[in-house]
Amino acid sequence: MRRDLLTDKIILLTGASSGIGWATAWELARHRPRLALAARRTDKLKELAALVEKSEAEAMVISCDVSDPAQGRKAVEQVLERWGAVDYLINNAGIMATEHFHDQHLAELEALMRTNFLGAAALIQTVLPHMLHRGTGHVLNVASIAGLMGLPYMAGYCASKFALVGLTEALRREYYRTGVTFTVMCPGSVDTPMAAASINDEKLAGLIRPKSAEQVAKAITACLLKKTPELIYGDAPGFLFRLLKFAPKTTDWITHQVVKRFHPLARGH
């Protein structure tokens, strides 16, 4: 197998036990890196690690709930202890909630922020000094289209992903030309177990046409190879989401028309 830029590189991947994380680990294994697979479900991680190692990539399993900053710090320490560095950090772990905002408990909002934003931030803060000392490293944060555009019934989720997008942009500029680079990946709807819980309407699924986890994994790998600053991934072009920011009233009307016709929560509004 031809050696490439990811061969033997040390990659810490969170949320690796299912969905995009699982598919990304499997896609990266083709490049023969050293993969640190982190998630809460170690049984699934062990199964994944066995598959990864069949592709001649090294793998280690780390039990980690990223919503606990101490566990995130420990995950980085475990990788450093075994392999001495972290070349790539992929913050993929995330949770989703869809409901009316007025029905959402504050504890659920806190959980969204802890997992989707603060968990990633804690991991970056832990790994960044090591990357800066070596003068090299790359962080890829998996955000969402919901981090660029507010969506009904997903206010807390959107807030957490907006925060992650803003963090990535700020860090990209703060550490410009230090050798440490950053990517924010914003996929649209993806066909994963987490997304399935929020897209339980066949017409809605047909309208938004979810990508497969494998397609997103290929896009993530391409971002790592090219160190792409930002990628909006889905059928709708990225410039459209930026353009809509300049027409908020029009965007509100379009979103309302789509949601009231297809979204199950809108029917009880």
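Residues numbered from 1 in each chain as written. Predicted model: local features only at pLDDT ≥ 70, side-chain atom pairs only at ≥ 80, totals over all residues. Heavy atoms only, no water.

### Examining the overall build of the protein
Broken down by element type, the protein carries 10 helices and nine strands. Burial statistics for the protein: of 269 residues in total, 48% are counted as buried. Taking as baseline every contact in the protein between residues at least 6 positions apart, the subset at least 24 positions apart corresponds to 67%. Surface accessibility of the protein: about 13500 Å² in total, with carbon and sulfur atoms responsible for 55%. (Helix = DSSP H or I, 4+ residues; strand = E, 2+ residues; numbered from the N terminus. Buried < 20%, exposed > 50% of the residue type's maximum accessible area, 1.4 Å probe, protein only. Contact = heavy atoms within 4.5 Å. Areas by Shrake-Rupley, 256 points an atom, 1.4 Å probe, with all protein chains shown as cover.)

### Details of the sheet that holds strand β2 (residues 34-39)
Spatially, β3-β2-β1-β4-β5-β6-β9 is the arrangement adopted by the seven strands of the open sheet, whose pairing is parallel. Two strands close off the open sheet at either side, each with one partner strand: β3 (58-63) and β9 (230-233). Put simply, the sheet's adjacent strands are angled 15° from each other on average, direction ignored. With six bridges connecting them, β2 and β3 associate as parallel partners. Counted as the bridge partner of L37 is V61 from β3. Against the sheet, helix α3 (residues 69-83) makes contact with β1 (10-14), β2 and β3, and its axis sits at roughly 150° relative to β3, the strand it touches most. (Pairing = 2+ DSSP bridges. Axes fitted to C-alpha atoms, helices over the stretch in contact; angles between N-to-C directions.)

### A look at the packing of aromatic side chains
Inspection of the entire model under this criterion finds one aromatic pair. On the basis of an interplanar angle of 40° and a centroid distance of 6.3 Å, the ring pair of Y175 and F182 is categorised as tilted. Summarising the burial analysis for this pair, Y175 and F182 share the class buried. (Phe/Tyr/Trp six-rings, centres within 6.5 Å; stacked < 30°, edge-to-face > 60°.)

### Digging into the nonpolar core
Counting residues in hydrophobic clusters, the biggest one holds 29 residues, and the most contacted among them are L37, I90, L140, M185 and I220. When contributions to this core are tallied by element, the ones reaching two or more residues are β1, α1 (19-29), β2, α2 (42-54), β4 (88-91), β5 (137-142) and α8 (213-226). No other element matches α8, which puts five residues into this core. Leave out the neighbours within four places in its chain, and L37 touches L13, A16, A25, L45, L48, A49, A59, M60, V61 and I62. Core analysis: the second largest hydrophobic core is formed by 27 residues, C64, A85, L128 and L171 among them. (Core = buried A, V, L, I, M, F, W, Y, C linked by side-chain atoms within 4.5 Å.)

### Concerning a nonpolar patch on the surface
Judged by side-chain polarity, W253, I254 and V258 come together as a nonpolar surface patch covering roughly 290 Å² of accessible area. As for its placement among the helices and strands, I254 is situated in helix α10 (residues 248-262). (Patch = residues over 30% accessible without salt bridge, like charges linked within 9 Å, V, L, I, M, F, W, Y side chains within 5 Å. Salt bridge = Lys/Arg side-chain N within 4 Å of Asp/Glu carboxyl O.)

### Some points on the side chain of Q104
You can see Q104 is positioned in the loop between β4 and α4 (106-134). Polar contacts involving the side chain of Q104 include one to the side chain of E108, which spans 3.5 Å. Excluding residues that lie within four positions of it along the chain, Q104 makes contacts with A97, E99, L109, L112 and G156. (Polar contact = N/O pair within 3.5 Å; in protein donor to acceptor, adjacent residues only side chain to side chain.)

### Some thoughts on the pairing of β5
Burial within β5 is extensive, with six of its six residues counted as buried. Across the two faces of β5 the burial is the same, with G137, V139 and N141 and H138, L140 and V142 all buried. In this region the chain leaves β4, passes through α4 and returns to the parallel neighbour β5; the handedness of that crossover is right-handed. The pairing of β5 with strand β6 (residues 180-187) spans six bridges and is classified as parallel. By the bridge assignment for β6, H138 is matched with T181. (Right-handed = clockwise from strand over helix to strand, strands pointing away.)

### Considering the pairing of β1
The buried fraction of β1 amounts to five of the five residues, a majority that puts the element mostly inside the structure. Of the two faces of β1, the one holding I10, L12 and T14 and the one holding I11 and L13 are both buried throughout. Relative to β2, β1 runs parallel, the two being bridged by five bridges. Each bridged residue has a counterpart across the sheet, and for I11 the counterpart in β2 is L35. Of the crossover connections in this fold, the one passing from β1 over α1 to the parallel β2 is right-handed.

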